[in-house]
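Listed below are the residues making up each chain.
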Amino acid sequence: MNAPPIRTLLVDDEVLARLAIRQALASHSDVAIVGECGNASEARLAIEALEPDLMFLDIRMPGIDGFKLLHGLKRDTSPMVVFATAFGQHALRAFDANAIDYVLKPIDQERFDQAMARVRRHWQGLHAAPVASPAGSAPASPPSPYLQRLSVQQGEHIRVIAASDIDWIRADGNYVHIHAGSATYLHRESLRHLLAALDPGGFLRIHRGIVVNVERIREVHPLFQGSAEVVLHDGTRLNLSRRFRMHARRALGMA
């Protein structure tokens, strides 16, 4: 018995872009295109009505962008997603949104076929018979909702930094300086926004403009008038302000 086709929805505000994806899918006989949408509002209605298995999704569209569309979908109705966009700087954010893959426009057929191979592996995994866990074993833990890695623009390249490799972060207006080992990276994002995405159990705000990885803290030295100094494993010394000292005491288990 033949397997059912992968029911696919195309979401892009450009007709020619949707046509290019159609042409790239022409050699994939196990895919059935069930609809096309030119914006996120149309896509929401189509997802509810058609219940597609796969969605090729543009990121930059008028009104609601691709990321906001995904964020608003219910988990049990969300299809597999492959982003198709002309902007490479969103790659890491796409994977953080649990996309299967990310292909750049104009479409390269070989790269597109690689993305479809990933889709099929995921599709087969979704439809594989469940394997019973050994008796007494703990169930698999759900994926962390917090940021696991981030991409930092360096000239024409994108540097990928694991959140666990960050030592500390300093605010600089709408930018942050990310210190990781001997390197420092300038990243365009506010400290407030970045902190909201990091695991609060792993990162601690010790000053209005400074956040540290708690695993890097070696010592805390009390100073005058309620302030203190945090010393990291590499010897870096950072000010722990009075405003954040009580929270730091609780987070670090200090008496």
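Details of the structure are given in the entry above.
Report follows, based on the coordinates. (Residues numbered from 1 in each chain as written. Predicted model: local features only at pLDDT ≥ 70, side-chain atom pairs only at ≥ 80, totals over all residues. Heavy atoms only, no water.)

## Regarding the overall build of the protein chain
Regarding its fold elements, the protein chain presents seven helices and 15 strands. Looking at the 255 residues of the protein chain, the share that counts as buried comes to 39%. Taking contacts inside the protein chain between residues at least 6 apart in sequence as the whole, the part at least 24 apart equals 50%. Only carbon and sulfur atoms are counted for the fraction: they give 52% of the accessible area of the protein chain, which is about 15300 Å². (Helix = DSSP H or I, 4+ residues; strand = E, 2+ residues; numbered from the N terminus. Buried < 20%, exposed > 50% of the residue type's maximum accessible area, 1.4 Å probe, protein only. Contact = heavy atoms within 4.5 Å. Areas by Shrake-Rupley, 256 points an atom, 1.4 Å probe, with all protein chains shown as cover.)

## Quick look at the nonpolar core
Considering soluble globular proteins, one finds that nonpolar side chains tend to be buried as a cluster. In this structure, L9, V11, M55, L57, L69, L70 and F83 are the most contacted members of the largest nonpolar core, which totals 19 residues. If you list the elements that add at least two residues to this core, you get β1 (6-11), α2 (40-50), β3 (54-57), α3 (66-71) and β4 (80-85). For this core, the element with the most residues is α2, which contributes four residues. If we ignore the near neighbours within four places in the chain, the residues touching V11 are C37, N39, A43, M55, F56, L57, D58 and M61. (Core = buried A, V, L, I, M, F, W, Y, C linked by side-chain atoms within 4.5 Å.)

## Side note on the side chain of H187
Within the fold, H187 resides in strand β10 (residues 183-187). Relative accessible area serves as the criterion here: at 11%, H187 is assigned to the buried category.

## Some thoughts on the sheet that holds strand β13 (residues 217-222)
Strand order in this open sheet of three strands is β13-β14-β15, and the pairing throughout is antiparallel. Whereas interior strands pair on both sides, the edge strands pair on one side only; in this sheet they are β13 and β15 (237-240). Across the sheet, the mean angle from the axis of one strand to that of its neighbour is 25°, orientation sign disregarded. Sheet topology places strand β14 (residues 228-232) next to β15; four bridges connect them, and they run antiparallel. Looking across to β15, one finds that V231 is bridged to R237. Across the sheet, helix α7 (residues 242-252) touches β13, β14 and β15, and the angle it forms with β15 is around 110°. (Pairing = 2+ DSSP bridges. Axes fitted to C-alpha atoms, helices over the stretch in contact; angles between N-to-C directions.)

That's the geometry; what it means functionally is another story.
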